[in-house]
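Chain and residue survey
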Amino acid sequence: MARWCYRHRLVVVVLWVGLLFGLGAAGSTAGTDYSDNFSLPDTDSKQALDLMVEAFPQRSGDPNTVVWRVSEGSVRDAAVRERLDPALREIAGMKGVGEVASPYTEAGAAQISEDGRTAYAQVTFAEQANAVPKELVQDVVDTAGEARRDGLQVELGGQAITRIQEPPTGTAELVGLGAAAIVLFLAFGSLFAMSLPLVVAVFGVGTGMLSTTLLSHVTDVPEVAPLLGSLIGLGVGIDYALFIVTRHRKGVLRGMDPEKAAVTALNTSGRAVLFAGGTVCIALAGMLVMNMRFLDGVVIATSLTVVLSVLAAVTLLPALLGVLGERVLSRRQRRRLAAEGPEPVEARGAAARWSMTVQKRPKSIALVAVVVMAALAVPVLSLRLGATDQGNHQEDTTTRQAYDLLAEGFGPGFNGPLQLVAEDAGPAAVQALVERVRATEGVAQVAAMPAPPGSDVTVINVVPTASPQSEATDRLIDTLRDEVVPQSGETVHVGGVTAVFKDFAAVTGDRLPYFIGAIIALGFLLLLIAFRSLVVPLTAAVMNLIAAAASFGVLVAVFQWGWGAEALGVGKEGPITAFLPVIMLSLLFGLSMDYQVFLVSRMHEEWVHTKDNARAVRVGLAETSRVINCAALIMICVFSAFVLSGDMEGAMAGIGLAAAVALDAFILRTALVPAAMHLLGHSNWWLPAGLEKRLPHLAVEPKEQAEEPGPVHADGREPESAVPGPRAGAPAGEAGSVEAGSVVYGFVRAPDGEPLADVVLTLVSTRGRQVDRVTSLADGSYILSAPSGGAYLLAVTAGAHEPWARHIMIGGDALVHDVLLTEVGASR
C-alpha cells in the first residue's frame, strides 16, 4: 500500500483534500447537536431530573443571570431601577430570549438580598446554551453592561455567557501546532520535513472533528468531546508522522532511493504506528467498562480521530513523501550526501552516551527516577472528585464576578441549590418536609415551588450554607438522603447540578478500579503477544501506574491545591472534574503504550539477533530515545496549549497529559525502564515454553527478508557504507564494506594485540536464527561457516570484555574478519 500511495501521490492527496472539504461542507450545513448530560441512570439525582423535566417542560431552556450590586444605598433606589428596568425590558424583547424574571416585581422580591445591596434577574433563553447564537448572547451582555456606572456593578453569569468568553475556536490548536512546528524544525532542519507531520495531523484531526460534528446528530456526544478529540489527535497525529518521517530520512541518508526508503519506513515504523494506534483505541474503549452514557460520545470522538490520524499517517504521508522526494532532507544534508556518501548505521551522539551511562549505573539512575516519581505522586492521596463551575473561572471574567456577587449577597450555597423532588405528597406532608429540611444543619434557605396544574410533583429548593464545591455540601446531600427523606415517609429524590456531580463522582470512584484493571490487562496481553515475554509487559504495567500516579499528583497540586493555577491562567482551585480521571487514564495508558512499543521493539529486534540483553537495551535506547523525546516535547507543547481553550476540563486534561507525557518520556522510558531492564538481565525475555506455544503471533516488526542490493556508483562499485561492517583487511572494529566469502575466519585480540581464547562467536541470520557457534582457540583464531551467501550478524561475547556485534555480507570467497575486544568499562 505504501508503494501504491507513493506512486499515485496526486490521487491520494486529492482524495484527502476532497474528504476534508466534503466533511466541512456537510458539517457547516448540519451544524452541531451536542448533548451535555452528566447524569447517570439508576441514581437519585437522575430520577429527580426526569421528574422535573416532566413536570416543568417550559423551563427546558438555558437559564442565565444578570447580577448587580450597589456600593451605597439600595438596589431598590429609583436611580438604580431607572438604569436596570429599561435594560431588562430590552433583553426580554430580544428574539431567542424566552423569559426575564425581574426582582422589581411582586414575585421577584426574593431576588433581592437581605441587605438590599445585591439583586439579580434570571434570563431564560429559548434553547440550551450550546444552541443559543453567540450574537444574541453578546447583545444581552452589551445591553446589561450599559447600565453600569460608578457605584453600580453589573455582571452576568450562566453557561451561555461562558461561551462568549472562550477564545476563538482553534486558538489552542493553532498555538500547539506553532510550538510543534518549532520543535520539528529544530529536529529536522528542513521546512519541508517539518511541514509533513503538521499537514498529516491537520488532516487527521480535521476529518475527525468534522465527523464528530455529524455524529452528534445520531448519538449523544458531549460538547467537550471534540476538544478532547483534537487534543489527542494532534498529539498522536504529529508523533506518528514524526516516527515514520524520521525512519524515512534515515533511509535516504544511508543511501536508499526515496521510494524504497518510504516503503521501508512504512513497513517498519508504519507497522509500529498501526500497533500503537490500535493500543490507544483499545485504551480509549476501556472507558466503556464504566457504563456511563456520557463517556460513550467521548470514546467515539477520540477513537475516530485517532483512527483517521493513523490512516493519514499510512496513506497521505507516503504520498507527500513522494511529492517531496529528496527534499525531505535539508540542503546541507543533500550536499553532504552527494559529497561524502551515505552516513554510517550506528547511533552516535548524546543519545548513545546517555545509553552507556544507564548501562554503567543502572541502580543509581533507577533510584533517582523512583524518588522523583514518588515525590510527585504524593498529592494524589488528596484527590477529590467533583465539578468545576463558574467560581473556578479567572477573576477578571464577568461570570466569575457574577458568581462572587451572588455568593456574597445570598450566601455561598446560592450558586448550587439542591432540589428535593417529591411524588404524590400532599400539602401537609410537603410542609412537614420543608420544616424538617429547614432544621437540618447546613441549610440556609428552603422554599417549596407550587406544583403545575395536573401534576403530582412538588419541588423544594434547598440553598446550602456552603459552596457547591465544599465537602460540607456533600455531607448535607448525604444527610438529606440518609436521614431527612427516610424520616418523612414520602418518595423524595435529591437532585440539582451539585447532586448530579456528586453521584457522578461516586459512581466513577466505584468503577475506576475495574476500568484500570481492564486497560492494564489488555495492554499486558498485547505486549505479551508482541514481545513474547512476561517481564516486559509487567514492567510496562507498573510504569504506567507510576506515570498515572505522578501525573495526577501534578493535577491535584495545580487545580485542587491551586499551586500556580492563577499564573497558568486556569482560574481558582477546586475539585478535579469527576469524569476527567477516566478520560485521562485512557489517553495516558494509550500514549505510554506507544512509547513502550517504539522503545522495546528496537530492543527486542537486537535481542533476537544477539541474545545479549545489555547490548539490546543499550542499542534500543540509543536509537530511539532521541525520537521519543522529540515526540514527547511536541505532545507537551500541544497539550499545554489547551490551557488557552477557555474550557476548564480542557485545561485540566491538557496540563495533566503534558505532565504525564513529560514524566513518561523523560524519566520513565529514558531512564527507569532501561535501568530496570539492565538490572533484570536475561529475565526480561523469559516466557514459559508452554505459554509460547499457545500464544498467537503478532509481529510489530515486518518479517525479515534477504538484504537487497545497495546503491552502486556509476562504475558498478558498491559504496563502502552500503553494507555495514568491518572491511576485509582493515583494522579490527573499523566500519566499512566487506568482501564476500563462504566462511568467516580471523583472530580475536585485545587492544594490546594479545590473543583472546575461549571467546564465544555466534553467526546469526537476518531472521534471528543461529547459523554457527564456535569458541576461539588459544591463539585467538576462529572459523565460522554459513549455509549460503547473504547478510548475517556476527556477535561476540567474552566474560571480562564488552559485547561486540557487526553486520557482515557473505558471498563466494572466504571472509577474513578480525575482532578487537575492549575490557568492560574501558574507553573505546
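Residues numbered from 1 in each chain as written. Predicted model: local features only at pLDDT ≥ 70, side-chain atom pairs only at ≥ 80, totals over all residues. Heavy atoms only, no water.

**As for a positive patch on the surface**
Together, R331, R332, R335 and R336 give the surface a local cluster of positive charge. By the secondary structure assignment, R332 is in helix α12 (residues 331-340). (Patch = residues over 30% accessible without salt bridge, like charges linked within 9 Å, V, L, I, M, F, W, Y side chains within 5 Å. Areas by Shrake-Rupley, 256 points an atom, 1.4 Å probe, with all protein chains shown as cover. Salt bridge = Lys/Arg side-chain N within 4 Å of Asp/Glu carboxyl O. Lys, Arg positive; Asp, Glu negative; His and termini not counted. Charge placed at Lys NZ, Arg CZ, Asp CG, Glu CD. Helix = DSSP H or I, 4+ residues; strand = E, 2+ residues; numbered from the N terminus.)

**Overview of a nonpolar patch on the surface**
Where nonpolar side chains cluster on the molecular surface, the patch consists of I182, F185, L186 and L191 and spans about 440 Å² of accessible area. The dominant element in the nonpolar patch, judged by the number of residues it contributes, is helix α7 (residues 171-188), at 3 residues. Accessibility expressed as a relative area gives 55% for I182, which makes it exposed. (Buried < 20%, exposed > 50% of the residue type's maximum accessible area, 1.4 Å probe, protein only.)

**Here we look at the packing of aromatic side chains**
Taken as a whole, this structure holds 7 aromatic pairs when the rule is applied. With centroids separated by 6.0 Å and ring planes inclined at 40°, the aromatic side chains of W68 and Y104 adopt a geometry described as tilted. Here Y104 lies in the loop between β2 (97-101) and β3 (118-125) and W68 lies in strand β1 (residues 63-70), a separation of 36 residues in the sequence. Take W68: its relative accessible area is 0%, and that puts it in the buried class. (Phe/Tyr/Trp six-rings, centres within 6.5 Å; stacked < 30°, edge-to-face > 60°.)

**Some thoughts on the sheet that holds strand β6 (residues 418-423)**
Taking strand neighbours across the sheet as the criterion, the 4 strands line up as β7-β8-β6-β9 in an open arrangement whose pairing is antiparallel. A strand with exactly one partner marks an edge of an open sheet, and here the two such strands are β7 (443-449) and β9 (491-495). Within this sheet the neighbouring strands show an average axis-to-axis angle of 20°, counted without direction. The sheet contact formed by β6 and strand β8 (residues 457-464) spans 6 bridges and is antiparallel. Note on β8: the bridge partner recorded for A422 is T458. (Pairing = 2+ DSSP bridges. Axes fitted to C-alpha atoms, helices over the stretch in contact; angles between N-to-C directions.)

**Considering helix α9 (residues 224-253)**
A rise of 1.5 Å per residue sets the reference length of α9, with its 30 residues, at 44 Å; its end C-alpha atoms lie 43 Å apart and thus fit the reference within 8%. Most of α9 sits out of view: 28 of its 30 residues are buried. Directly after α9, the chain includes G255, whose backbone phi takes a positive value near 100°. (Expected span 1.5 Å × (residues − 1).)

**A closer look at the confidence of the model for the chain**
It should be kept in mind that the predicted coordinates are not to be read in detail where pLDDT is low. With 89% of its residues at a pLDDT of 70 or more, the chain has an overall mean of 81. By mean pLDDT, the top-scoring element of the chain is helix α14 (residues 362-377) (94), and the lowest-scoring one is helix α20 (residues 565-568) (69). Considering only residues more than four positions removed or in separate chains, one finds that residues 704-741, a stretch of pLDDT under 50, has 80 contacts. (pLDDT = per-residue confidence, 0-100. Contact = heavy atoms within 4.5 Å.)

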